[in-house]
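Spelled out, the chains give:
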Amino acid sequence: MRFMGRPIFGMTAVAVASALWAANARAAMTVVNPNGGPHTFTLTTFASGFPNNASIGPFGVAFRTDGKVLVTDGVGELVYLFPSHADNQVATSVPTPGNFSAASGILRGMAQIPVNSSWRYFLTREGAGVVEIDENAQLLTPTGWAVPAATGITPFPPAVVSPHNGHLFVSSRSSPAAVYEVDPSSTGTIPVTLFQGSTVDGVPFAPDGISCSPDGTILYVASQTNGTGTGRIIGMGLTSTNWGTVVYDSGDFGDGIDGLAVGVGTLTGYIYANFNGGDVWEVGLPGGTEPTVKRVIAMGGSRGDFIATDTDVNCSAGFPSLLLTQTDSILRLDPPGGGWFAGPTSSTKPVIVPPPVPAMSRWEAGLLAGALGILALIAGKRRWAEGFPRV
């Protein structure tokens, strides 16, 4: 466990609600344990000191096989290269090998897909689609893949056997808005439309951060705003029977949403959202233990944007942590023991999922019941014998 982690504390629903409407410019984020919340989180800082403009700063995060970390910068159009996954690093002290300031399109998200024992890295550039870079942030595909107004990007889960393996999903803030599937097997392949439309369930649709469910059946999309400062989480089907169909709608929140991450392990049944107003929410999903819950787990940040799962720096129980981009920093949220966050975005320490406990067969259950019965009989005879006086 990192010594900088701060334990969370209890808060009333009234205090949470009042803080949600506080001014947008806030102090350092603090972690809260909302009244009735089952999970305990801690918070540290991965990196600080990023330049920012109009609250825009670092965006995408990706990880190299040598333990170094790539971060895109939406202000200077740079890609930072941090030497390790350690906390408390400073952006102004690390190199920026990728410089896209002379190119068209603002740097946004970053994603990686596994290839043999290495990775391929992809950037979204608003106005210039999806491009590929190498691990030193040098451009490999100047033309790339044509996605208008590209912003959020995520890979299909590589562990899931599917025709979508090795593909990317990309959100587009074009008009009408859309979500595309990109096959990067060759440069210039035409993206496949997963969903396109100006509204979802009658509400204006403006997609931003996106994240796949671990089983590859649902793509969760953060619809950042409907024009009134609110946002929602939309789930879109990825199976052959519900491709592109809206299968989940969280309803409106009181703030715009960018980054999303799906919970795994003890966090199964929840999705985590990074809000523009500086809060992080835990949202219950259908089929989970709390399918209707919406609770704040961290608040007081500067400006939330994208999310990345870091399996190389683990919490105390050895599970991956979550990186949250802010106005001029990237924070790290550690989950409770036994829980972590989905996302094939790391390198040197892949997630090791504990094997499920196998169910007992009828024969094994009968054998166990018989053994317990014998033990109960022995214990009963002993108590019966102890009831007689000794001679």
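No experiment lies behind these values; they were computed from the predicted model shown.

Description of the overall build of the protein chain
Logical step 1: Looking only at helices and strands, the protein chain has two helices and 29 strands in total.
Logical step 2: Residues counted as buried form 53% of the 391 residues belonging to the protein chain.
Logical step 3: Sequence separation of 24 or more characterises 53% of the internal contacts of the protein chain that already satisfy a separation of 6 or more.
Logical step 4: Total accessible area computed for the protein chain in this model is approximately 17000 Å², and 60% of it derives from carbon and sulfur atoms.

Focus: the confidence of the model for the protein chain
Logical step 1: Per-residue confidence for the protein chain gives a mean pLDDT of 79; residues scoring 70 or more make up 76%.
Logical step 2: Considering only residues more than four positions removed or in separate chains, one finds that residues 1-27, a stretch of pLDDT under 50, has 54 contacts.
Logical step 3: Contacts for the low-pLDDT stretch residues 344-362, under 50 throughout, to residues beyond four places or in other chains number 39 contacts.

Some remarks on the layout of surface pockets
Logical step 1: Estimates place the volume of the second largest pocket at around 250 Å³.
Logical step 2: S213, Y220, G269, L285 and P286 are, among the 17 residues lining the second largest pocket, the residues nearest its centre.
Logical step 3: Sorting the residues of the lining of the second largest pocket by element identifies β19 (218-223), β21 (246-249) and β22 (257-265) as the ones contributing at least two each.
Logical step 4: With three residues, β22 is the largest single contributor of residues to the lining of the second largest pocket.

Re the environment of F169
Logical step 1: Secondary-structure assignment places F169 in strand β13 (residues 168-172).
Logical step 2: A relative accessible area of 0% means that F169 is categorised as buried.
Logical step 3: As a C-alpha pair, F169 and P155 span 14 residues in sequence and 6.1 Å in three-dimensional space.
Logical step 4: Setting aside anything within four residues of it in sequence, one finds F169 in contact with G152, I153, T154, F156, Y180, E181, L194, I210, C212, L219, L238 and W243.

A short note on the side chain of H39
Logical step 1: Within the element layout of this structure, H39 appears in the loop between β2 (30-34) and β3 (42-48).
Logical step 2: Taking relative accessible area as the criterion, H39 reaches 10% and is therefore assigned buried.
Logical step 3: From its side chain, H39 meets the backbone oxygen of T266 in a polar contact 3.5 Å long.
Logical step 4: In terms of polar contacts, H39 uses its side chain to reach the side chain of E282, at 2.6 Å.

Topic: the sheet that holds β19
Logical step 1: One open sheet accounts for four strands, arranged β18-β19-β20-β21; its pairing is antiparallel. In this open sheet, the two strands that pair with only one neighbour each are β18 (207-212) and β21. Going across the sheet, the axis of each strand differs from the next one's by a mean of 25 degrees, ignoring polarity.
Logical step 2: In terms of strand pairing, strand β20 (residues 232-237) meets β21 through three bridges, oriented antiparallel. In the strand pairing of β21, I234 is matched with D249.

Looking at the sheet that holds strand β4 (residues 58-63)
Logical step 1: Judged by pairing direction, the sheet is antiparallel, and its four strands sit side by side in the order β4-β5-β6-β8 without closing on themselves. At either end of the open sheet lies a strand with only one pairing partner, and these are β4 and β8 (98-99).
Logical step 2: Note: β4 against strand β5 (residues 69-73), four bridges, orientation antiparallel. Counted as the bridge partner of V61 is V71 from β5.

A few points about the nonpolar core
Logical step 1: Grouped together as the largest cluster of nonpolar side chains are 22 residues, with contacts concentrated most on Y220, I233, F253, I257, L260, I271 and V283.
Logical step 2: Sorting the residues of this core by element identifies β19, β22, β23 (270-275), β24 (280-284) and β25 (294-299) as the ones contributing at least two each.
Logical step 3: Ranked by residue count, the leading element in this core is β22, at four residues.
Logical step 4: Counting 18 residues, the second-largest nonpolar core is a separate cluster that includes A261, L267, L331 and L333.

Conventions adopted
- Residues numbered from 1 in each chain as written.
- Predicted model: local features only at pLDDT ≥ 70, side-chain atom pairs only at ≥ 80, totals over all residues.
- Heavy atoms only, no water.
- Helix = DSSP H or I, 4+ residues; strand = E, 2+ residues; numbered from the N terminus.
- Buried < 20%, exposed > 50% of the residue type's maximum accessible area, 1.4 Å probe, protein only.
- Contact = heavy atoms within 4.5 Å.
- Areas by Shrake-Rupley, 256 points an atom, 1.4 Å probe, with all protein chains shown as cover.
- pLDDT = per-residue confidence, 0-100.
- 1 Å grid on protein atoms, 1.4 Å probe; cavity = no way out; pocket = protein on both sides within 12 Å on 5 of 7 lines; lining within 4 Å.
- Points joined across faces, edges and corners; volume = space filled by probe spheres on them.
- Polar contact = N/O pair within 3.5 Å; in protein donor to acceptor, adjacent residues only side chain to side chain.
- Pairing = 2+ DSSP bridges.
- Axes fitted to C-alpha atoms, helices over the stretch in contact; angles between N-to-C directions.
- Core = buried A, V, L, I, M, F, W, Y, C linked by side-chain atoms within 4.5 Å.

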